[in-house]
Amino acid sequence: MAEPTNSGFGRVLVAVYATFAVAATARAGVQLATRLEQAPVAYLLSALAAVVYIVATVALARAGPAARQTATAAVTFEFVGVLAIGTLSVLNPTAFPDETVWSDYGRGYAFIPLVLPLVGLYWLRRTAGTRR
Amino acid sequence: MNDALANAIIGGALVLAAVTGVFSYLRRPTPRLVVAAVLMVAAAVLVQAVVAAVLLINGERPQELGTFIGYLFFSVLVLPAAFAWARMEPGRWGNGVLAVGCLTLSVMIVRLQQVWDVTGG
C-alpha cells in the first residue's frame, strides 16, 4: 500500500515546499508587476517556477494516487527546471539580469532549490509502497 | 524599522529553531513553554509589521516597496501557518515544521531589514 506523502517527514517537506511556493510567487509577482519589460522571458520563467512550486506543494499535501502522479510530474519538472535555468544563467548571465529562484542553481536560496526536488522524488518513491 | 525589535525576532527565531530541532531529534512533543515562546515571537512579528506600516504611512519608502510589503505580509503569516501545520503531528515532525518555520522567519526578517535599508534616492 502506498503511504500518504503529507505525514511524517512529508509534513516537513510540504512546509519547505510551501515556503518556496510563497517565495517564488511573491518574487515573480513583484518582477512581473514592476519591471516585466526589462526581462520578460526571465520573469515569465520565474512565474513558471512559482506555479511549479504551488502545484508540487498542493499535490504533496494531498493524499491519493492522482495527487501522487501530479506531485511526481511537478517535482520532476522542478528538477529539470532548476538544472536548465541554472545552466542557462551561468552560461549566459545577461539573459537573467535579475535573480530568479532557479538562477545559478538556486544559489540565492542556499541551493535548496537544487536539493529539494531530489528529496521530493526520494520521498515520493519511498512512500509509493512498491517493492524495489 | 526598529532594529532592536527585528534583531530580537531574528535571535528568538534562531534559538527556537535550534530548540524545536532538539525536540524533533528527541521525538518529544513541543513543551508548552516552547509553544508559548513561538507565539510570543509571532506576536512580536505582528508588532513589527504594525510599526513598519505606520512608517510607510508616514511617508518613509524603501526602494523596493513591493518586495518590502511582500516580506512584511508573509512574515506575519509564517509562524501561525507553521504552528497550525505542526499541531496536526506533534512529536518529531511537528517540531521539524516549527524549526523550518523559525528558520524561514529569521531569513525573512534579515531580508526585510536589508530591503528597508536601501531607501529610494
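As shown above, the structure is provided for reference.
Along each chain, residue indices are assigned from 1 in the same order as the chain's sequence is written. The naming scheme follows written order: chains are lettered A onward, ligands numbered 1 onward. Only residues with pLDDT of 70 or above have their local features reported here, since the model is predicted, and side-chain atom pairs are shown and tallied only from 80 upward, although totals for entire chains, interfaces and linings are computed over all residues. Computation of side-chain values covers all heavy atoms of the structure but excludes hydrogens and water.

Outline the overall build of chain A, listing residues and values.
Secondary structure counts use DSSP, requiring at least four H or I residues in a row for a helix and at least two E residues in a row for a strand, with both numbered from the N terminus. From N to C terminus, chain A includes four helices and zero strands. Ordered by position in the sequence, the α and β elements of chain A form the string α-α-α-α. Expected size for 132 residues packed as a compact globule is a radius of gyration near 14 Å; at 15 Å, chain A falls within 12% of this value. Overall, the C-alpha framework of chain A stretches about 50 × 25 × 20 Å when taken along its three principal axes. Radius of gyration means the value over C-alpha atoms here, while the globule rule gives 2.2 Å times the residue count to the 0.38 power.

Hey, could you go over the interface of chain B and chain A for me, with residue numbers and the actual values?
We call two residues in contact whenever any of their non-hydrogen atoms come within 4.5 Å of each other. Residue-level contacts link 12 residues of chain B with 15 residues of chain A. By definition, the buried area sums, over both parts, the 1.4 Å-probe accessible area that each loses when the two are put together. Roughly 1,100 Å² of surface becomes buried between chain B and chain A when both sides are summed, with 70% attributable to carbon and sulfur atoms. We define a salt bridge as a contact between a side-chain nitrogen of Lys or Arg and a carboxyl oxygen of Asp or Glu at a distance within 4 Å. In this structure, the connection of chain B to chain A is made through one salt bridge. Salt-bridge contacts for Glu 89 of chain B lead to Arg 11 of chain A; the nearest nitrogen and oxygen are separated by 2.6 Å. Definition of a polar contact: a pair of N or O atoms within 3.5 Å, with one able to donate and the other able to accept a hydrogen when the atoms are protein atoms, and with sequence-neighbouring residues admitted only if both atoms are side-chain atoms. Across the contact surface, chain B and chain A share three residue pairs in polar contact (both at pLDDT 80 or more). Among the secondary structure elements, those contributing two or more residues to the side of chain B that touches chain A are α3 (65–87) and α4 (92–117) of chain B. Along the lines of polarity and charge, the residues of the side of chain B that touches chain A split into six nonpolar, four polar and two charged. Side-chain classes follow a simple rule in which Ala, Val, Leu, Ile, Met, Phe, Trp, Tyr, Cys and Pro form the nonpolar group, Asp, Glu, Lys and Arg form the charged group, and the remainder, Gly included, forms the polar group.

Could you give me a rundown of unusual backbone geometry, with the residues and numbers involved?
Residue and element names in this part refer to chain A. Backbone geometry places Tyr 105, a non-glycine residue, at a positive phi of 60 degrees. Within the element layout of this structure, Tyr 105 appears in the loop between α3 (65–91) and α4 (112–126). With a 1.4 Å probe rolled over the protein chains alone, any residue whose accessible area is under 20% of its type maximum counts as buried; one over 50% counts as exposed, and the rest are partly exposed. By relative accessible area, Tyr 105 is classed as partly exposed at 24%. Not every positive phi belongs to a glycine, and Ala 110 is a case in point at roughly 55 degrees. Mapped onto the fold, Ala 110 is located in the loop between α3 and α4. The class of Ala 110 is exposed, set by a relative accessible area of 58%.

Explain the side chain of Glu 78 of chain A residue by residue, including any values.
Turning to its location among the elements, Glu 78 of chain A is positioned in helix α3. Not counting the four nearest positions on each side in its chain, Glu 78 of chain A is found in contact with Tyr 17, Val 52, Tyr 53, Trp 102, Pro 113, Leu 116 and Pro 117 of chain A.

Purely geometric numbers; function is a separate question.
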